[in-house]
Structure formats: structure tokens, C-alpha cells
Amino acid sequence: ACVSGVIVLLIAVTLVIASQRMDRAVDRSQYAMNIIIGIGELRAVTFEYILQYHERPRMQWKQRHDSVAGLLAGDTFKGTDQQQIVNVLRQRHQDLKGTFSRLTRHYASGRNGSSGPPETALSRELEARLIGQLVTTSQEIISAASRLARVSESEVANTLRWTGVLVSLAIALMALIILANTVLIIRYILKPIGRLQRGIEIIGNGDLSYRTGITS
């Protein structure tokens, strides 16, 4: 009974630890997905700004960028191997801001004070390069965030796996203990009781010289 109680306690502790690990892994996976969603929205606003050169998408871009910056400022992956990926994400996120600022300055320097970019071949080449950098950097961020999500999902799967193994082993051990306890009860309690019962019947029939041979 004591051993069974200890096993039940170990199962409870295992489930609590597994639940905490899974909660952390789910939070990290959601963190990575929020970054992916935020960068996706940022890309959409970027293309809207490129097409329209208006102030509204530029302000929306800043808001989306600040929102992702708030996510990246968290310490969800602090103390883990994935912290290095988060550091790369933060650097690429800052690169996005610098590239977009260059693009807005380029558009602001439009000829004759127009709201669009200058129409020289050199300006178009600079615009294409800046847009390409924005697309490439945002894709790198999405790829890195996807790696974080996969790591977190793998952690959830591993936690479920080893929890299942430990609980199964504990249940198997309890079954063995119950089986061993049953065998011991049959051997050391039920069988002697049966011998006593037969001895009582023999002695009751008048054979007072009969001995059961039980000393326990």
C-alpha cells in the first residue's frame, strides 16, 4: 500500500511537471505564430505603401512594427537554446525598420515635391533594391519564427511521449505490485487458513492427535 501510494504520488508529480512544460511550449508556439502573423501584416502594409505612397499605410506600418517589437521584447525563450534565434529575429526586425525608413525617405525626395518616388533609372533601381531587402528580411523573420514554432511543437510532442511512457511504467509497476501482493496473500494467509479449516474438521471428528503444522 505504501509503495502504491508513492507511485500514485510520482504519477501526480509527473503529470504536474508535464502540464507546466506543455503550457510553456504552447505559449512559445503561440508567441512564434504571433510574430509570423505580425510580419505578414507588416508585409501587406508595406506593399500597400509601395503602391500608394500615402501617409496612412506608413503610419500603419509603424504601428505593426511596434507591435512586433513588443512581442520580441518578451523573454519567452529566455534561458533556452532558442534564445539565439530570438536575438536574430530582433536584429532582422531592426533591419526592417532601417530599410523601410530609407524607402520612405526615397519616396519623400520625389521630384517636384510629388508624393511618389523620383522616376529616374537610378531611383527605380534603388527602390527595387530596398523593396527586395524588405521582402527578403521579412521572409527571414518568418522562417526563423517558423523554426521556433516547430521547436515548441516538438517539445509538446516529446513531453506527451515521455509522460505517456512514465505513466505506463508506473501503472505496470503498480500492476506487478498488486499481483505480487495477491500471490503473497494466497500463499501466506489463504492457504494456512484453509489448512486450519481442514484441521478443525479432522479434530472435530475425534482425531485429537492431528497437527496442522502451522507455526505462524
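Everything below is about the structure shown above.
None of the values given here were measured: they were computed from a predicted structure.

## Observations concerning the overall build of the protein
Phase 1 of the analysis: Scanning the protein from terminus to terminus reveals 4 helices and 0 strands.
Phase 2 of the analysis: For the protein, the succession of helices and strands along the chain, N to C, is α-α-α-α.
Phase 3 of the analysis: In terms of C-alpha radius of gyration, the protein reaches 36 Å, well past the compact-globule figure of 17 Å for 216 residues.
Phase 4 of the analysis: Along the longest, intermediate and shortest principal axes, the C-alpha atoms of the protein span 130 × 25 × 25 Å.
Phase 5 of the analysis: Out of the 216 residues belonging to the protein, those deemed buried represent 31%.
Phase 6 of the analysis: Long-range pairs, those at least 24 residues apart, make up 71% of the contacts in the protein with a sequence separation of at least 6.
Phase 7 of the analysis: Accessible surface computed for the protein: about 13,500 Å², of which carbon and sulfur atoms make up 60%.
Phase 8 of the analysis: On the protein, the mean spot of the 25 positive side-chain charges and the mean spot of the 17 negative ones are 5 Å from each other.

## Structural notes on the nonpolar core
Phase 1 of the analysis: Within the largest apolar cluster, 29 residues are counted, with the highest numbers of intra-cluster contacts made by I35, I39, L89, L96, L103 and L148.
Phase 2 of the analysis: Listing elements by their share of this core, those giving two or more residues are helix 1 (2-52), helix 2 (55-72), helix 3 (83-108) and helix 4 (121-204).
Phase 3 of the analysis: If we skip the residues at most four places from it in the chain, L103 touches I50, E127, L130, I131 and L134.

## Some words on the side chain of T46
Phase 1 of the analysis: Along the polypeptide, T46 turns up in helix 1.
Phase 2 of the analysis: In terms of polar contacts, T46 uses its side chain to reach the side chain of W61, at 2.8 Å.
Phase 3 of the analysis: Apart from residues lying up to four places away in sequence, T46 is in contact with W61 and L134.

## Here's the deal with the pattern of salt bridges
Phase 1 of the analysis: The tally for this structure, following the rule as stated, stands at 7 salt bridges.
Phase 2 of the analysis: For R28, the salt bridge is made with E155, and the minimal N-O distance between the two is 3.5 Å. Highlighted residues: R28 in helix 1 and E155 in helix 4, separated in sequence by 127 residues. Note on accessibility: R28 and E155 belong to one class, buried.

## Some thoughts on a nonpolar patch on the surface
Phase 1 of the analysis: On the surface, a cluster of nonpolar side chains totalling about 650 Å² of accessible area is made up of L184, I185, I186, Y188, I189, L190 and I193.
Phase 2 of the analysis: One can find I189 in helix 4.
Phase 3 of the analysis: Taking the relative accessible area as the measure of exposure, I189 reaches 43% and is therefore partly exposed.

## Some thoughts on the side chain of Q83
Phase 1 of the analysis: Structurally, the position occupied by Q83 is in helix 3.
Phase 2 of the analysis: In this structure Q83 comes out as buried when scored by relative accessible area, which is 17%.
Phase 3 of the analysis: Every residue in contact with Q83, bar those within four places of it in the chain, is listed here: F77, K78 and R90.

Conventions we followed
- Residues numbered from 1 in each chain as written.
- Predicted model: local features only at pLDDT ≥ 70, side-chain atom pairs only at ≥ 80, totals over all residues.
- Heavy atoms only, no water.
- Helix = DSSP H or I, 4+ residues; strand = E, 2+ residues; numbered from the N terminus.
- Rg over C-alpha atoms; globule rule 2.2 N^0.38 Å.
- Buried < 20%, exposed > 50% of the residue type's maximum accessible area, 1.4 Å probe, protein only.
- Contact = heavy atoms within 4.5 Å.
- Areas by Shrake-Rupley, 256 points an atom, 1.4 Å probe, with all protein chains shown as cover.
- Lys, Arg positive; Asp, Glu negative; His and termini not counted.
- Charge placed at Lys NZ, Arg CZ, Asp CG, Glu CD.
- Core = buried A, V, L, I, M, F, W, Y, C linked by side-chain atoms within 4.5 Å.
- Polar contact = N/O pair within 3.5 Å; in protein donor to acceptor, adjacent residues only side chain to side chain.
- Salt bridge = Lys/Arg side-chain N within 4 Å of Asp/Glu carboxyl O.
- Patch = residues over 30% accessible without salt bridge, like charges linked within 9 Å, V, L, I, M, F, W, Y side chains within 5 Å.

Any link to function would need more than the numbers given here.
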